[in-house]
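Now for the letters of each chain:
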Amino acid sequence: MKEEKNIINILILLSISDDELHQKEREFIQDYIDEKNFDLDIDIILDEMKDKFRDDFDTSCLFYINSVEDKILRNEVMTLTKRLAAADLIVRDREIKFLELVKKEWQI
């Protein structure tokens with residue numbers, strides 16, 4: 001369960017990197033949760049992240065990025081993040097920076 005939640009955390013962080021969780025991004029994440037039969041709620045996860053990290057977006061990114069250690073999961077997350085970044089048909093600078101941070105941390 002921990003790994004699946006970490007994947008969703010990363011997807012949510014990418015989504016809110018531009019300070020807004022767009023409807024198409026939310027739908028993408030929810031579809032993935034449903035497809036994988038994860039017992040997770042996006043809003044609860046958002047609240048947990050806010051409680052844990054307050055407004056420290058960079059620290060939360062590093063924490064969740066480094067929480068995924070399995071190489072196969074990392075590859076899946078990279079594929080998902082690329083698809084998610086394009087879900088609202090606009091890839092913003094902060095989303096690109098987030099993806100670059102993931103690549104740097106995982107040395108991809």
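As a reminder, the structure under discussion sits directly above these lines.
Summary of the structure given here. This is a predicted model, so every value here is computed, not measured.

1. A few points about the nonpolar core
Ile8, Leu11, Ile12, Ile29, Phe98 and Trp106 are the most contacted members of the largest nonpolar core, which totals 34 residues. Breaking this core down by element, the ones donating at least two residues are helix H1 (2-16), helix H2 (23-35), helix H3 (42-53), helix H4 (57-65), helix H5 (71-85) and helix H6 (93-106). The greatest single-element share of this core, amounting to seven residues, is contributed by H1. What Ile8 contacts, discounting residues up to four positions off in sequence, is Ile29, Tyr32, Ile33, Phe38, Leu40 and Ile45.

2. So, the pattern of salt bridges
In this structure the tally under the stated criterion is three salt bridges. Where Glu48 meets Lys5, a salt bridge forms, and the shortest distance between an N and an O atom there is 2.5 Å. Of this pair, Glu48 sits in helix H3 while Lys5 is found in helix H1, placing the two residues 43 residues apart along the sequence. Classification of Lys5 as partly exposed rests on a relative accessible area of 24%. The salt bridge partner of Arg26 is Asp43, with a shortest N-O separation of 2.9 Å.

The rules behind these values
- Residues numbered from 1 in each chain as written.
- Predicted model: local features only at pLDDT ≥ 70, side-chain atom pairs only at ≥ 80, totals over all residues.
- Heavy atoms only, no water.
- Core = buried A, V, L, I, M, F, W, Y, C linked by side-chain atoms within 4.5 Å.
- Buried < 20%, exposed > 50% of the residue type's maximum accessible area, 1.4 Å probe, protein only.
- Helix = DSSP H or I, 4+ residues; strand = E, 2+ residues; numbered from the N terminus.
- Contact = heavy atoms within 4.5 Å.
- Salt bridge = Lys/Arg side-chain N within 4 Å of Asp/Glu carboxyl O.

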